[in-house]
Amino acid sequence: MRKSLIVNLSGILSAFLICGVVMQLQGYPAIESYAALFNQSVGSSYAFLTVLKNSIPLVLTGLSASVAFSSGPVNLGQPGQFLIGGLFATIGGLFVELPAPLMIPFMLMLAMIGGALWSFLAAIMKQLFDMDEYITTLMLNMIADLFTYWAISYPFFETGATFPQTPKIVKSGWMPSIGKFNSGIIVMLLAFIVVWFIYYRTTAGYEWRMTGQNPTFARLGGVPTRRNYLIIMLVTGALAGLAGGLVVMTGPRRFIKGIGANYAWDGIMVSMVANNNLFATLLYGIFFSTLETGSLGMELFTKVPSEMVTVLKAIIVLVVMAGRGSLEVLIRNWMTRQKMKARAEG
Amino acid sequence: MDSLIEIEHLIKIFPPNVVALDDVSVDFRKGEIHAIVGENGAGKSTLMKVLYGMHSADSGELRYHGKTVRFAAPGDAIQAGIGMVHQEILLVNEYTVWENVVLGQEPAGFFGRIDHGAARRIVTEKIHEFGFNLDADARVSELSVAARQKVEILKLLYRDVSFLILDEPTAVLTPQEIPQLFDELRRLRDNGHTIAFISHHLDEVLELSDRITVLRKGRKIATIPTAETTKSALAELMVGREVVFKPIKDNVPAGDIVFDLNGVNLKASNGKDLLRDVSIQVRASEIVGIAGVEGNGQLELVSVLTGLQRPDSGSLKIHGQELMDSSILDRRRRMSFVSQDRSRMGGCLTASIMENMLMTHHRLRSTFTAGGGILIDDQKAAAFAEDACRRFDVTYATIQAPFRSLSGGNQQKVILGRELTLDTPFVLLDQPTRGLDVGSIEYVHHQIMELSRAHRAILIFSADLEELFRITDRILVLHRGKIVADLETERTNIGEVGSWMLEGAKSDA
Amino acid sequence: MTILIGLLNGMISAATPLLLSSLGGALTYYAGIFNIAMEGMMLSGAFFAVLGSYTFGSWQAGLICAILGALMIALIFILFSVVLKVDEFVTGVGLNMFSLGLTTYLLRQIFKVKGAFTDPAIVPVPNIPIPFLSGVPFLGRIVSGQNLIVWLAIAATIVCHYVVFKTRFGLRLRAAGYNRDCLDTSGVSADRIRVWSLIWCAVLCGVAGAYLSLGYVKLFSENMSAGRGWISLAAVILVSGNPVGIALVSLLFGLADGLGLFLQRSIPSQFTAMLPYLATIIALFIYSARRRKATGN
């Protein structure tokens, strides 16, 4: 536990250091820029509520990836599942009108069904034809991208719009806000708690964890690994779909082209840098959202282009991942030396 | 005779706590066949891998032609004239024989273009020179295992290697193929090659080698000229105590048939028979051992019993209940299973001790589950795991510590604890003492006796004959996928079982 | 006739960057690397091509800068995945993001624009007229006047085929993918082969990027590679890396691209654009069906 904290913190710090040096070399004041970045994201409760709202898709797609990777299936399909989920929710919001207390759960349910449907395609290809999901999900991502592009350009196109997009969804399907506090955050936290509970407190979660770490052991222990695979694919697809639905319902309130471009791969990055730990996924999701939200403030105050943050995130991921591996090697070497010493002493 | 290679005070540690080689010194003389013998886990392969540059030594010295050397990678060793044929054959299956042989040292012309003609010619010449029966253009994936091994040897000869390491080369061969290999090796020795030969088959070693080095638990015990030793002397050196069979089995009268396996057949995809009409019955309180040279169908039989693999035909009944078409979980309601592979099958290294203890129980018993088996009560689960650890004498720091932090013996006790508390009528043990220290072995054997007293039916696979003679009522011998002998332990001896194992027939002697 | 010529030229210009980056992907595929960083390499190449051409006023400099830009991504890939043993997929995702962030950042930092940059000072890679052919009706209008990089791509296909199947490097390259332990024990470091495959992959992706920004058009825009890296991955998996197969598949995908625009009225272009991915899924299905047949049952 302490070990991984050190790896993560030192990784983040070195990434900040690298980008700081780059900024300084280009004539930007690095310290002021970082100060502006954090001031504009966690400096006020107002700003932080925006951070939380922006973290919704990161956390949910991150959870999807973390649960999948640590339970076995290499579901890389969050980008596609996100889009299909968003599209399903949008379609519901265009053609059905219910009072808000029914409408919102209805649309969220549609989003989850959409995401799960998309991951089901990959799951069924694996189970029936033994086609590796890490390739099929990647291909399905691109297909989902093009499919939703088509859907919003033709059948659900808002007549007269200059950009591929659908009309706005019904008002009762908008996630309500109280001031800056968007209720989508509650849905995100609820989803996190439910997933966490299933994962760490139920027999099903126990089986998923064991299968992810050692599938043969789990299978010999009587775990129905085939059935669990399908369930995990559906659950993680539903999570990514939920992210898509929530983005539609909290943000533009319609499906516009490029809606998923900034989130879905980030989710996979979040889960990887968090080493598939669920709580770390939540924290990293919020942290990455902090960086993104703050980047605009940074640009405003010290003129550092906000894209710097994309570079910063990529460096954090790479450095933390590399640090984790290197630390493992260092520990092994240290243990060998200890053992040698113990031998020498008797 | 000159020493070609001298190894001095070699130490190799695998963290966290395995000392694979403990101050080992050996010398290899030019033009000898030098056998390295020892039980599983004695450090034979590790020693050779250090010599070959695959592992780095943590301490010690290596002298080659009198000069201190250090091989950082196999490439360096090959360059120096040392080559190794691995236990698991390392060839590119998609390539032809000649492509595999020249890989890494290809005769090439302009722009790195491989000179196919020259390469094939050289390889063909080598094949004739050493009298190997191989086709240079055959694809490796279509060759038999014995032929692949020849390709590996050829690959080394092509590199003008003067020192050859063979890691258990006979393990993958059929009995008919072994003499041919030995002839080839002798021819190589007579040509001036030096050969290190790893084996745990004493007969082979005595037949082939000039000198023998015995390793036991990472230490060198002795290096002796073959002419000056005997099989029993070697066995004693290997095992470390005089080989006496003191059966600890007490006479619990056997009850009704609990386990009934009938007519199991299994073919490989290439049509080879893996299991032939295997039938086994085990009664309550009875301990039945399966002996056999490794690779004679043990792996397949265990897979069929546990449900990992479906046989082509056959039935499996426990207490009269047909289980061959049942799920693994249904089998596990009636079958405890201790596998030989603690890290891959028996346990999960990265999970906690507690999580390892819960497996299977989480589906069958409800002492630590709630809500109709949906939830796991962490506190009750910890209590359950701690209780099992106490009953099975596991030494551990906390129940949440990772399984891999335990020693091999303690890992095995956790697995035994989990499996034996399942209270199943039938217990399947696959090499339950492999790689354990003497104390742990003793412990496991006494647990097995307890099982017998509790009227359970026990089937045990073991490569260790001594173990079988110590605890079983009956010994069945598996030879090429067939049960060739069914012997009462009290009325047979190690020689008889050994000849059944090696030849599939009773020896005349 | 004009339509057909337009279609063929469209096919060639869509196929060229795909062909180059897929060839790069094929080299890493043979070396057993799950490489998804083609996208980032291409994007970086496209940006640095414009930067080089604009700064030095020559397309040669642009081409060299493109290759260097892609090599930078490859070197980071090597550092993380080969040296530090970080998962290849993670490295790829991280680097694609890094490349996207870096190019947009530098676009604003150096050229002070958002979105896209074009300038008369950018020298494009020239088209090659073939004098005695340009007069020939149909053929001349296709063969003559193609961009230099188109010819480079054709040459690269032949060279890759030769290198992979005929040379010493090729034998080792494929061995690294089939059985890296075998290669290691044969005295050739598989890591070294992987490093070289990544370097050559970067060179090819760099040229592909240069084609995007200096051949096809004369500008750099954000996220210009637009998923071509994924199509390349699809192409490589589809034909298991075979260079000639890649050339055919790239042409096919290029044709789908050209046809997509052409058939827009009857079939939405999005569906023709799905073709590479659907084809890959189908190829995977056939592959696994064959494998199941081979292993029996």
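Overview of the structure. Every chain is numbered independently, its residues counted from 1 as its sequence is written. For this description, chains carry letters from A and ligands carry numbers from 1, given in the order in which they are written. Owing to the predicted nature of the model, reporting of local features is limited to residues with pLDDT of at least 70; listing and counting of side-chain atom pairs is limited to 80 or more, with chain, interface and lining totals taken over all residues. Based on all heavy atoms of the structure, the side-chain values leave hydrogens and waters out of the count.

## Examining the overall build of chain A
Consideration 1: Strands are runs of DSSP state E lasting at least 2 residues, helices are runs of H or I lasting at least 4, and numbering of each runs from the N terminus. Scanning chain A from terminus to terminus reveals 13 helices and 2 strands.
Consideration 2: Projected onto its principal axes, the C-alpha positions of chain A cover 80 × 60 × 35 Å.
Consideration 3: Long-range contacts, defined as pairs at least 24 residues apart, comprise 75% of the intrachain contacts of chain A with a sequence gap of at least 6.
Consideration 4: Here chain A has roughly 14000 Å² of accessible surface; of this, 69% comes from carbon and sulfur atoms.
Consideration 5: Positive charge is attributed to Lys and Arg, negative charge to Asp and Glu, and no charge count is given to His or to the chain ends. Note that the charge is assigned to NZ on lysines, CZ on arginines, CG on aspartates and CD on glutamates. In chain A, 23 positive and 14 negative side-chain charges are present, and the distance between their average locations comes to 8 Å. Any pair of residues with heavy atoms lying within 4.5 Å of one another is described as a contacting pair. Accessibility throughout is a Shrake-Rupley quantity obtained with a 1.4 Å probe, and a residue counts as covered only by protein chains that appear here.

## Focus on the overall build of chain B
Consideration 1: Looking only at helices and strands, one finds 18 helices and 22 strands in chain B.
Consideration 2: Radius of gyration: over C-alpha atoms. The globule rule applied is 2.2 Å multiplied by the number of residues raised to the 0.38 power. Against the compact-globule benchmark of 23 Å for 509 residues, chain B has a radius of gyration of 25 Å, which places it among compact chains.
Consideration 3: In terms of overall dimensions, chain B has a C-alpha envelope of 75 × 55 × 45 Å along the principal axes.
Consideration 4: The buried share among the 509 residues of chain B stands at 55%.
Consideration 5: When the accessible surface of chain B is split by element, carbon and sulfur atoms take 47% of a total near 21100 Å².
Consideration 6: Taking the average place of the 58 positive charges on the side chains of chain B and the average place of its 71 negative ones, the gap between the two points comes to 3 Å. Burial status follows relative accessibility: with a 1.4 Å probe on protein chains alone, a residue under 20% of its type maximum counts as buried, one over 50% as exposed, and anything between as partly exposed.

## Considerations on the environment of Gly289 of chain B
Residue and element names in this part refer to chain B.
Consideration 1: Relative to the helices and strands, Gly289 is located in strand E13 (residues 287–291).
Consideration 2: Separated by 175 residues in sequence, Gly289 and Asp464 place their C-alpha atoms 10 Å apart.
Consideration 3: Apart from residues lying up to four places away in sequence, Gly289 is in contact with Ile460, Leu468, Thr472, Arg474, Ile475 and Leu476.

## Digging into a nonpolar patch on the surface
Residue and element names in this part refer to chain C.
Consideration 1: Together, Ile128, Trp151, Ile154 and Ile158 line one region of the surface with nonpolar side chains, adding up to about 340 Å² of accessible area.
Consideration 2: Here the element with the most residues in the nonpolar patch is helix H7 (residues 148–166); it accounts for 3 residues.
Consideration 3: As for its position among the elements, Ile128 is in strand E2 (residues 127–128). Patches in this entry comprise residues that are over 30% relatively accessible and not in a salt bridge; like charges within 9 Å are linked, as are nonpolar side chains (Val, Leu, Ile, Met, Phe, Trp, Tyr) within 5 Å. Here, a salt bridge means any side-chain nitrogen of Lys or Arg that lies within 4 Å of a carboxyl oxygen of Asp or Glu.

## A short note on the interface of chain C and chain A
Consideration 1: With 39 residues of chain C in contact, the opposing surface of chain A contributes 45 residues.
Consideration 2: The three residues of chain C that bury the most area against chain A are Met97, Tyr105 and Gln270 of chain C, which together make up 19% of that side's buried surface.
Consideration 3: Applying the counting criterion to the chain C and chain A interface returns 2 salt bridges.
Consideration 4: Salt-bridge contacts for Arg108 of chain C lead to Glu299 of chain A; the nearest nitrogen and oxygen are separated by 2.7 Å. Each of two parts loses accessible area, computed with a 1.4 Å probe, when they are put together; buried area is these two losses added.

## Description of the pattern of salt bridges
Note on pairing: side chains with opposite charge can pair once their charged atoms come close.
Residue and element names in this part refer to chain B.
Consideration 1: Following the criterion strictly, the structure yields 43 salt bridges over all chains and no others.
Consideration 2: Its salt-bridge partner being Glu168, residue Lys44 comes within 3.6 Å of it at the nearest N-O pair. Taken as a pair, Lys44 in helix H1 (residues 44–51) and Glu168 in the loop between strand E7 (163–167) and helix H6 (177–190) lie far apart in primary sequence, 124 residues in all. For the pair shown, Lys44 and Glu168 are each scored as buried.
Consideration 3: The residue Lys126 makes a salt bridge to Asp160 at a minimum N-O spacing of 3.9 Å. Pair noted here: Lys126 is in helix H4 (residues 116–129) and Asp160 is in the loop between helix H5 (145–158) and E7, with a separation of 34 residues, a long-range link.
Consideration 4: The network of salt bridges with shared partners includes Glu6, Glu8, Glu61 and Arg63.

## Structural notes on the pairing of strand E8 (residues 194–199) of chain B
Regular strands place their side chains on alternate faces of the sheet.
All names here are of chain B.
Consideration 1: Of all 6 residues in E8, 6 are buried, a share of seventy percent or more.
Consideration 2: With burial as the criterion, each face of E8 is covered, one bearing Thr194, Ala196 and Ile198 and the other bearing Ile195, Phe197 and Ser199.
Consideration 3: Two strands are said to pair when DSSP picks up at least two bridges between them. The sheet contact formed by strand E3 (residues 33–37) and E8 spans 5 bridges and is parallel. The partner of Val37 across the bridge, within E8, is Ser199.

## Quick notes on the packing of aromatic side chains
Consideration 1: Classification of ring pairs uses Phe, Tyr and Trp, with its six-membered ring standing for Trp, and accepts pairs whose centres are within 6.5 Å; under 30 degrees between planes counts as stacked, over 60 as edge-to-face, and the remaining range as tilted. Counting across every chain of the model gives 31 aromatic pairs over all chains.
Consideration 2: Here the aromatic rings of Trp196 of chain A and Tyr200 of chain A are separated by 5.3 Å at their centres, their planes lie at 50°, and the arrangement is tilted. Placement of the pair is Trp196 of chain A and Tyr200 of chain A together in helix H7 (residues 184–201), with a separation of 4 residues, close to one helical turn.
Consideration 3: On the basis of an interplanar angle of 85° and a centroid distance of 5.3 Å, the ring pair of Tyr54 of chain C and Phe117 of chain C is categorised as edge-to-face. Note that Tyr54 of chain C is positioned in helix H2 (residues 38–56) and Phe117 of chain C in strand E1 (residues 116–117), a separation of 63 residues in sequence.
Consideration 4: On the accessibility criterion, Tyr54 of chain C (32% relative accessible area) is partly exposed.
Consideration 5: With a relative accessible area of 7%, Phe117 of chain C lands in the buried category.

## Regarding the interface of chain B and chain C
Consideration 1: Facing 27 residues of chain B, the contacting portion of chain C comprises 20 residues.
Consideration 2: A buried area of about 1900 Å², summed over both sides, lies between chain B and chain C, and 59% of it is on carbon and sulfur atoms.
Consideration 3: The closest approach of N and O atoms between Arg168 of chain C and Glu106 of chain B, which form a salt bridge, is 3.7 Å.
Consideration 4: For the side of chain B that touches chain C, the elements supplying multiple residues, two or more each, are helix H2 (74–80) and helix H3 (97–102) of chain B.

## Thoughts on the sheet that holds strand E11 (residues 257–267) of chain B
Residues and elements named next belong to chain B.
Consideration 1: Read across the sheet, 4 strands follow the order E12-E11-E14-E15 without closing on themselves; strand pairing throughout is antiparallel. For this open sheet the edge positions go to strand E12 (273–283) and strand E15 (321–322), each flanked by a neighbour on one side alone.
Consideration 2: Relative to E12, E11 runs antiparallel, the two sharing 7 bridges. Paired with Leu261 across the bridge in E12 is Ile280.

## As for the environment of His200 of chain B
Residues and elements named next belong to chain B.
Consideration 1: Of note, His200 is situated in the loop between E8 and helix H7 (202–208).
Consideration 2: The exposure class assigned to His200 is partly exposed, which follows from its relative accessible area of 23%.
Consideration 3: In sequence terms His200 and Ile353 are 153 residues apart; their C-alpha atoms lie 34 Å from each other.

## Examining the side chain of Ser295 of chain A
Consideration 1: With respect to the helices, strands and loops of the structure, Ser295 of chain A is situated in helix H12 (residues 278–302).
Consideration 2: Those residues in contact with Ser295 of chain A, other than ones at most four positions away along the chain, are Leu37, Ser306 and Val309 of chain A.

## Observations regarding the packing of H12 of chain A against helix H13 (residues 308–345) of chain A
Residue and element names in this part refer to chain A.
Consideration 1: Lines fitted to the C-alpha atoms define the axes, with helices restricted to the stretch that makes contact. Angles between their N-to-C directions range from 0 to 180 degrees. Where H12 contacts H13, the two axes come as close as 9 Å, and the packing angle between them is 150°. Judged by the angle between their axes, H12 and H13 are roughly antiparallel. Here H12 and H13 pass one another in a crossing that is right-handed. In this structure, H12 contributes Tyr284, Phe287, Phe288, Leu291, Glu292, Ser295 and Met298 to the contact, and H13 contributes Met308, Val309, Leu312, Lys313, Ile316, Val317 and Val320.
Consideration 2: Each residue is assigned to one class: nonpolar for Ala, Val, Leu, Ile, Met, Phe, Trp, Tyr, Cys and Pro, charged for Asp, Glu, Lys and Arg, and polar for all the others, Gly among them. Residue composition of the contact of H12 with H13, by class: 11 nonpolar, 1 polar and 2 charged. These descriptions rest on fixed angle ranges, namely under 35 degrees for roughly parallel, over 145 for roughly antiparallel, 65 to 115 for roughly perpendicular, and the rest for oblique. Should the near helix be turned anticlockwise from the far one by less than a right angle, the crossing is termed left-handed; should it be turned clockwise, right-handed.

## Topic: helix H5 (residues 100–129) of chain A
Consideration 1: Here the expected span of a helix is defined as 1.5 Å times the quantity of residues minus one. Taking 1.5 Å per residue as the helical rise, H5 of chain A with its 30 residues ought to reach 44 Å, and the 43 Å between its terminal C-alpha atoms agrees with that figure.
Consideration 2: Asp130 of chain A occupies a position one or two residues after H5 of chain A and carries a positive phi of about 60°.

## Some thoughts on the side chain of Ser70 of chain A
Residue and element names in this part refer to chain A.
Consideration 1: Along the polypeptide, Ser70 turns up in helix H3 (residues 45–71).
Consideration 2: When its relative accessible area of 15% is taken as the criterion, Ser70 is described as buried.
Consideration 3: As used in this structure description, the phrase polar contact means that two N or O atoms lie within 3.5 Å; if the pair is within protein, one of them must be able to donate a hydrogen and the other to accept it, and residues adjacent in sequence are counted only when both atoms belong to side chains. A polar contact of 2.6 Å, which involves the side chain of Ser70, links it to the side chain of Tyr199.
Consideration 4: Ser70 has contacts with Tyr199, Trp208, Arg209, Gly212, Gln213 and Asn276, leaving out every residue within four places of it along the chain.

## Observations concerning the nonpolar core
Consideration 1: Throughout this description, the term nonpolar core refers to a set of buried Ala, Val, Leu, Ile, Met, Phe, Trp, Tyr and Cys residues connected via side-chain atoms within 4.5 Å. Core analysis: the largest hydrophobic core is formed by 204 residues, its most contacted members being Tyr284, Phe288 and Ile316 of chain A together with Met41 of chain C.
Consideration 2: Here Met41 of chain C is in contact with Asn35, Ala70, Ile73, Ala74, Leu198, Cys201, Ala202 and Cys205 of chain C, once residues within four sequence places are set aside.

## Considerations on the sheet that holds strand E6 (residues 82–85) of chain B
Residues and elements named next belong to chain B.
Consideration 1: The strand order across the open sheet formed by 6 strands is E6-E7-E8-E3-E9-E10, and the pairing between neighbours is mixed. Each end of this open sheet is capped by a strand with a single partner; those strands are E6 and strand E10 (219–225). On average, each strand axis in the sheet is tilted by 20° relative to the strand beside it, whichever way the strands run.
Consideration 2: Here H1 sits on the sheet in contact with E3, E6, E7, E8 and strand E9 (211–216), set at roughly 150° to E8.
Consideration 3: Sitting on the sheet, H6 touches E3, E7 and E8, and the angle it makes with E8 is about 150°.

## Some details on the pairing of strand E19 (residues 426–430) of chain B
Residues and elements named next belong to chain B.
Consideration 1: Burial within E19 is extensive, with 5 of its 5 residues counted as buried.
Consideration 2: Going residue by residue along E19, you find Phe426, Leu428 and Asp430 tucked away on one face and Val427 and Leu429 tucked away on the opposite face as well.
Consideration 3: Two elements, strand E16 (residues 335–338) and E19, share 4 bridges in a ladder whose sense is parallel. Along E19, the bridge assignment pairs Val338 with Leu429.
Consideration 4: Across 5 bridges, E19 lies against strand E20 (residues 457–461) in parallel orientation. Paired with Leu429 across the two strands is Ile460, which belongs to E20.

## A short note on the state of the cysteines
Residues and elements named next belong to chain B.
Consideration 1: Note on terminology: disulfide denotes any pair of cysteine sulfur atoms within 2.5 Å. Inspection of every chain in the model, using the stated rule, returns 0 disulfides over all chains.
Consideration 2: Take Cys348: it sits in no disulfide, and the sulfur closest to it among the cysteines is that of Cys389, at 15 Å.
Consideration 3: With a relative accessible area of 1%, Cys389 lands in the buried category.

Functional significance is not addressed by these values, which are geometric in nature.
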